[in-house]
Amino acid sequence: MFESLSERLGGVFDRLTKQGALTEADVITALREVRVALLEADVSLPVARDFIKRVQDKATGAAVTKSITPGQMVVKIVHDELIRVLAGDGPADALKIDNPPATILMVGLQGSGKTTTTAKLAKRLKDKNGKRVLMASLDTNRPAAMEQLQILGTQIGVDTLPIVKGESAVQIARRAKTQGSLGGYDVIFLDTAGRLHIDEVLMDEVQSVRDIAAPRETLLVVDGLTGQDAVNVATEFDGKVGISGVVLTRMDGDGRGGAALSMRAVTGKPIRFVGLGEKMDAIEVFEAERVAGRILG
Ligand code: GDP
């Protein structure tokens, strides 16, 4: 999807560049194609419209239409605007993990990559920052999910809270906090239960856990391939639970730049990390410059 957007933009601006001087009508025609490309990459309609309007205001000025390389100037304006929206207030800060043990609450729908991302971030903090990390699964509905976190923990050398059958999510969160303090851990990851769809039971549970856990960060994990749905999920979770950032998974391969753009524009929440595969090292800090570059090609 990154490719199709960049190819389309490349094609449009190639043609413009070859024409030499550009009229305002040329710019508007080109931007219409950019708009279609954004929509095809799953950028939501209002976001695409707004984006194009701002680019149009900047691109129809005399400096652009009279320039020798108008196509390139338009590309630069599109690029700069992409960065502006994607980066928001600035680069994504490192995770807030001062005052140990710092709790990081992981939330999201089932299958979004929450458990995998929890383990990836735990490994990263252990390897890169030398932190002692404890992970706990709160997914009382799915014993398999609890075991999955335990298996990943063993694989990456990060402790997991022992599984005690019959406990509620809130009880597990309490035990994790206690164990985190007693065990001298720097960071506690709470991997909450996901559901296939957002429902009240899920939100109530996450809210109760949040109240007990007092997290420093609440990271929403969303599947970057789900486009507009990802944005709706983020809006819901932010409204009900309050999130401090987003992790977009499955940005490897077919990842859509569109989800990142809409996510940032609609929710105003920073995208902190991107998941780039199934392996435990396949996670990177979100970089607006890089994503904009990939969108444009
Ligand atoms: P959860 O239900 O939200 O906890 O989802 P899981 O962590 O179990 O992930 C579901 C599937 O998605 C697993 O097969 C993961 O390996 C896979 N997965 C997670 N993150 C990524 C990613 O960034 N890229 C790819 N390609 N697969 C991912």
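Bear in mind the structure is a predicted one, so any value in this text is a computation, not a measurement.

1. Looking at unusual backbone geometry
Next up, step 1: Cis peptide bonds are those with omega within 30 degrees of zero, and the linkage from Pro100 to Pro101 qualifies with -5 degrees.
Next up, step 2: Looking at the element boundaries, Pro101 is found in the loop between helix 5 (70–87) and strand 1 (102–108).
Next up, step 3: Positive phi, close to 40 degrees, is recorded for Ala214, a residue that is not glycine.
Next up, step 4: Turning to its location among the elements, Ala214 is positioned in the loop between helix 9 (200–213) and strand 5 (217–223).

2. Re empty space enclosed by the protein
Next up, step 1: Counted by the stated rule, this structure contains 1 cavity of 30 Å³ or more.
Next up, step 2: Taken as a whole, the largest cavity encloses approximately 100 Å³ of empty space.
Next up, step 3: As for the largest cavity, its lining consists of 14 residues, and the residues nearest its centre are Ser137, Met146, Leu161, Pro162 and Ile163.
Next up, step 4: Elements that contribute at least two residues to the lining of the largest cavity include exactly strand 2 (133–137), helix 7 (143–156) and helix 8 (169–182).

3. Describing the layout of surface pockets
Next up, step 1: Put simply, the largest pocket is a space of about 400 Å³.
Next up, step 2: Only helix 6 (114–129) and helix 7 provide two or more residues apiece to the lining of the largest pocket.
Next up, step 3: Residue composition of the lining of the largest pocket, by class: 3 nonpolar, 14 polar and 8 charged.

4. Quick word on helix 11 (residues 257–267)
Next up, step 1: Burial analysis of helix 11 places 9 of its 11 residues in the buried class, which makes it a mostly covered element.
Next up, step 2: Looking one or two residues beyond helix 11, the residue adopting positive phi is Gly268, at roughly 75 degrees.

About the cut-offs
- Residues numbered from 1 in each chain as written.
- Predicted model: local features only at pLDDT ≥ 70, side-chain atom pairs only at ≥ 80, totals over all residues.
- Heavy atoms only, no water.
- Helix = DSSP H or I, 4+ residues; strand = E, 2+ residues; numbered from the N terminus.
- 1 Å grid on protein atoms, 1.4 Å probe; cavity = no way out; pocket = protein on both sides within 12 Å on 5 of 7 lines; lining within 4 Å.
- Points joined across faces, edges and corners; volume = space filled by probe spheres on them.
- Nonpolar A, V, L, I, M, F, W, Y, C, P; charged D, E, K, R; others polar.
- Buried < 20%, exposed > 50% of the residue type's maximum accessible area, 1.4 Å probe, protein only.

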